[in-house]
Amino acid sequence: MKNDKLKILILTGSIGNPRSFPLTDATSLDKTYPYLIRDQFPDAIYWQLSFGNITTNELLSQAVGYLHDWNPDIIIIQSGINDCRPEAISSFQKELIKKFSHRFFSIIRKIIYNPKFIKWRNLYRVSPKRFKIALIRFRQIFISSRIIFIEINAHDNYEIARPNVLKRINEFNEIIKNIFPEGIIRVKDQLVRQNGYNSDNLHLDAKGHSIVAKLVIKKYLNEVNGYSNYCVH
Amino acid sequence: MNIDIENRIKKIIAKILVIDPSEINDGTSFGTVDSWNSINHKKIINALEREFDISFDKYEKETFFNYKIIKITIIAYIC
């Protein structure tokens, strides 16, 4: 029986984080799916980075920078909505506005997050090409790791706040599927069916986290070759 | 095609670091070559961007501390 511990790397945007507001949507840290996964495999070694509003390349580059020699057995990624959802202005323009008119940003914010303005401008924060490059690069650097990529997802009602987002999600999910054909996990159907989204139609409530954790654990983690050989102390 | 790309990358890195291209392998890094300092590091990135007509993402540039990662990144851009 092997004594090597399973090494699991978890990389997510804000969806993997706990939430404290609004109260009806609050999810504590130990109810988030990364922690539910940890509960299932308590003897594994984990490294988790969950960072809000981060682009996929920035998130993955953190792992490349610090962990390229760690050789995790499994990498679980949930990222992409920040890259693909339609924006009214570029990130650079947003920073300029914040810097030079921070007093009025709350007013300007109402304009730049107005669905009609978003629909008209329809900008990418990250182009599909750049997104694809980031994924290909990551896959090659962590070539010996089994990569599980949770599909980019949101409730259909998210389209109200972000017109055209569902089309963008499909577009970017196709890229993920092409690069990780065995690794992509579909979660949206179950989340919609079991009402796992919170009131912003994007982040998960406690039930949603539980659903995602179960899907990851059931579909992939029990298929890891030789997992049954790892000692559980 | 990948061999051609690798040779071009090695040629550039070797020229800037004043080493023989044959000395460059996946283990060649910021920590293994004395002449790979922060100034030469920036020169390497700029030269590679010009050579391959690429504009690297700033987060990628921060990870370019070994030849292997540079090579994989450039191949991801081109292929």
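The model shown is predicted, which means the values in this text are computed figures rather than measured ones.

So, how was this worked out
Positions within a chain are numbered from 1, following the residues in the order the chain's sequence is written. Key to labels: chains lettered from A, ligands numbered from 1, both in the order written. Confidence filtering applies because this is a predicted model: local features only for residues at pLDDT of at least 70, side-chain atom pairs given and counted only at 80 or more, and all residues used for totals across whole chains, interfaces and linings. What counts as a helix is a DSSP run of H or I of at least four residues, what counts as a strand is a run of E of at least two, and both are numbered from the N terminus. For every residue, the other C-beta atoms within 10 Å of its own C-beta are counted; 20 or more classify it as buried, 12 or fewer as exposed, and values in between as partly exposed. C-beta atoms are placed from the backbone. The contact criterion used here is simple: two residues whose C-beta atoms, placed from the backbone, lie within 7 Å are in contact. Values of the radius of gyration come from C-alpha atoms, whereas the globule rule sets the reference at 2.2 Å times the count of residues to the power 0.38. Each residue carries a pLDDT score, the predictor's own confidence in it, on a scale running from 0 to 100. Under the scheme applied here, ten amino acids are nonpolar (Ala, Val, Leu, Ile, Met, Phe, Trp, Tyr, Cys and Pro), four are charged (Asp, Glu, Lys and Arg), and all others, including Gly, are polar. Should DSSP find at least two bridges between two strands, the strands are regarded as paired. Each domain's extent is set by a domain assignment, obtained either automatically or from a database. An expected span of 1.5 Å times one less than the residue number is assigned to each helix. What we call a nonpolar core is a set of buried Ala, Val, Leu, Ile, Met, Phe, Trp, Tyr and Cys residues whose membership is set by joining through C-beta atoms within 7 Å. Only the stretch in contact is used when fitting a helix axis, every axis being a line fitted to C-alpha atoms; angles between N-to-C directions are given from 0 to 180 degrees. Helix crossings get a hand from a simple test, with the near helix turned counterclockwise from the far one by less than a right angle marking a left-handed crossing and a clockwise turn marking a right-handed one.

All right, on to the overall build of chain A then. Within chain A one finds 11 helices and five strands. The buried share of chain A, reckoned over its 233 residues, is 37%. For chain A, the share of sequence-separated contacts (at least 6 apart) that also reach a separation of at least 24 residues comes to 79%.

A count of helices and strands for chain B gives four helices and zero strands. In chain B, the succession of helices and strands from N to C terminus is α-α-α-α. The C-alpha radius of gyration of chain B comes to 11 Å, within 12% of the 12 Å expected for a compact globule of 79 residues. A buried classification covers 25% of the 79 residues belonging to chain B. When contacts within chain B are restricted to residue pairs at least 6 apart in sequence, long-range pairs at least 24 apart make up 56% of them.

Below, the discussion takes up the confidence of the model for chain B. Averaged over chain B, the pLDDT score is 94; the fraction of residues at 70 or greater is 100%. Interface confidence in the predicted complex, given as ipTM, is 0.92; pTM for the same model is 0.90.

Further remarks concern the interface of chain A and chain B. Listed by partner, the interface residues are 12 residues for chain A and 10 residues for chain B. Among the elements of the structure, α2 (56-67) and α7 (128-141) of chain A are those that each provide at least two residues to the side of chain A that touches chain B. Considered class by class, the residues forming the side of chain A that touches chain B number four nonpolar, five polar and three charged.

Time to look at the sheet that holds strand β1 (residues 7-12) of chain A. Residue and element names in this part refer to chain A. Strand order in this open sheet of five strands is β2-β1-β3-β4-β5, and the pairing throughout is parallel. The open sheet terminates on both sides in strands that have one partner only, identified here as β2 (45-50) and β5 (184-185). Both β1 and strand β3 (residues 74-78) contribute to a ladder of five bridges, which runs parallel. Bridge assignment links Leu 9 to a residue of β3, and that residue is Ile 75.

This part is about the domain arrangement of chain A. All names here are of chain A. Under the domain assignment, chain A is made up of domain 1 (7-86 + 126-229) and domain 2 (87-123). Each of domain 1 and domain 2 has a C-alpha centre, and the two are 27 Å apart. Tallied by class, residues from the side of domain 1 that touches domain 2 come to four nonpolar, one polar and two charged.

Of note, the amide linkage connecting A:Phe21 to A:Pro22 takes the cis form, showing an omega dihedral of -15°. Backbone geometry places A:Asn195, a non-glycine residue, at a positive phi of 60°. Here A:Asn195 is to be found in the loop between α10 (188-193) and α11 (206-219). With 12 C-beta atoms packed within 10 Å, A:Asn195 lands in the exposed category. With a phi close to 55°, B:Val18 is a non-glycine residue in the positive phi region. Secondary-structure assignment places B:Val18 in the loop between α1 (2-17) and α2 (38-52).

Here the focus is α2(A). For α2(A), built from 12 residues, the straight-helix expectation of 16 Å at 1.5 Å per residue is met to within 8% by its first-to-last C-alpha distance of 16 Å. Listing the buried residues of α2(A) in full gives A:Thr56, A:Asn57, A:Glu58, A:Leu59, A:Leu60, A:Ser61, A:Ala63 and A:Val64. Residues of α2(A) that are buried make contact with β1, β2, α3 (81-84) and α7 of chain A together with α3 (58-61) and α4 (67-78) of chain B.

Turning to the nonpolar core, a few remarks are in order. Core analysis: the biggest nonpolar cluster contains 62 residues, and A:Leu11, A:Ile75, A:Ile76, A:Ile148, A:Val212 and A:Val216 have the highest contact counts within it. Considering every element that reaches this core, the biggest residue donor is α7(A), with six residues.

Residue and element names in this part refer to chain B. Running from N to C, α1 and α2 point in directions that differ by 145°, and their axes come no closer than 10 Å. The crossing of α1 and α2 is right-handed. Contacts between α1 and α2 involve Arg 8, Ile 9, Ile 12, Ile 13, Ile 16 and Leu 17 from the first element and Asn 40, Lys 43, Ile 44, Ala 47, Leu 48 and Glu 51 from the second. Tallied by class, the residues present in the contact of α1 with α2 amount to eight nonpolar, one polar and three charged.

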